Amino acid sequence: MTFTPVDGAVSGPKQDENPDGYSTRQGGRVTVQGGRWACSGCGRSEAADDPHHAAQHHGRECLAVSYT
């Protein structure tokens, strides 16, 4: 299951990049390192052309509950 459409677009407007990462709806954290983002809520990690925008999108969509 992927949140990036086949054309590579990521939904939602891009916000300012945050070096500390982005919150998920359930208290997780999506961080960016290099060209990858990783989610503490669901454990997912993925490479992306624009990892900050992809991380922002995942933070809005992830419903996993973080226990960390």
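Presented here is an overview of the structure given in this document. This is a predicted model, so every value here is computed, not measured.

### Notes on the overall build of the protein chain
Consideration 1: A count of helical and extended segments in the protein chain gives 1 helix and 4 strands.
Consideration 2: With 68 residues in all, the protein chain has 31% of them scored as buried.
Consideration 3: Contacts in the protein chain between residues far apart in sequence, at least 24 positions, make up 49% of those at least 6 positions apart.
Consideration 4: Just so you have it, the protein chain exposes about 4300 Å², and 51% of that area is on carbon and sulfur atoms.

### Overview of the nonpolar core
Consideration 1: Counting residues in hydrophobic clusters, the biggest one holds 7 residues: Tyr22, Val30, Trp37, Cys39, Ala54, Ala55 and Cys62.
Consideration 2: Listing elements by their share of this core, those giving two or more residues are β3 (36-39) and α1 (51-61).
Consideration 3: Apart from residues lying up to four places away in sequence, tryptophan 37 is in contact with Val30, Thr31, Val32, Arg44, Ser45, Glu46, Ala48, Pro51, Ala54, Ala55 and His58.

### A word on α1
An α-helical segment advances 3.6 residues per turn. Residues three or four places apart therefore align on the same side.
Consideration 1: Of all 11 residues that make up α1, 9 are buried, and the element is covered over most of its length.
Consideration 2: Next to the buried residues of α1 lie β1 (22-23), β2 (29-33) and β3.

### So, the pairing of β2
Consideration 1: Note that β1 and β2 share 2 bridges and pair antiparallel. Pairing of serine 23 across the sheet is with arginine 29, part of β2.
Consideration 2: Joining the antiparallel neighbours β1 and β2 is a turn of 5 residues, in which glycine 27 adopts a positive phi near 95°.
Consideration 3: As paired elements, β2 and β3 share 4 bridges and run antiparallel to each other.

Reading guide: rules and limits
Residues numbered from 1 in each chain as written. Predicted model: local features only at pLDDT ≥ 70, side-chain atom pairs only at ≥ 80, totals over all residues. Heavy atoms only, no water. Helix = DSSP H or I, 4+ residues; strand = E, 2+ residues; numbered from the N terminus. Buried < 20%, exposed > 50% of the residue type's maximum accessible area, 1.4 Å probe, protein only. Contact = heavy atoms within 4.5 Å. Areas by Shrake-Rupley, 256 points an atom, 1.4 Å probe, with all protein chains shown as cover. Core = buried A, V, L, I, M, F, W, Y, C linked by side-chain atoms within 4.5 Å. Pairing = 2+ DSSP bridges.

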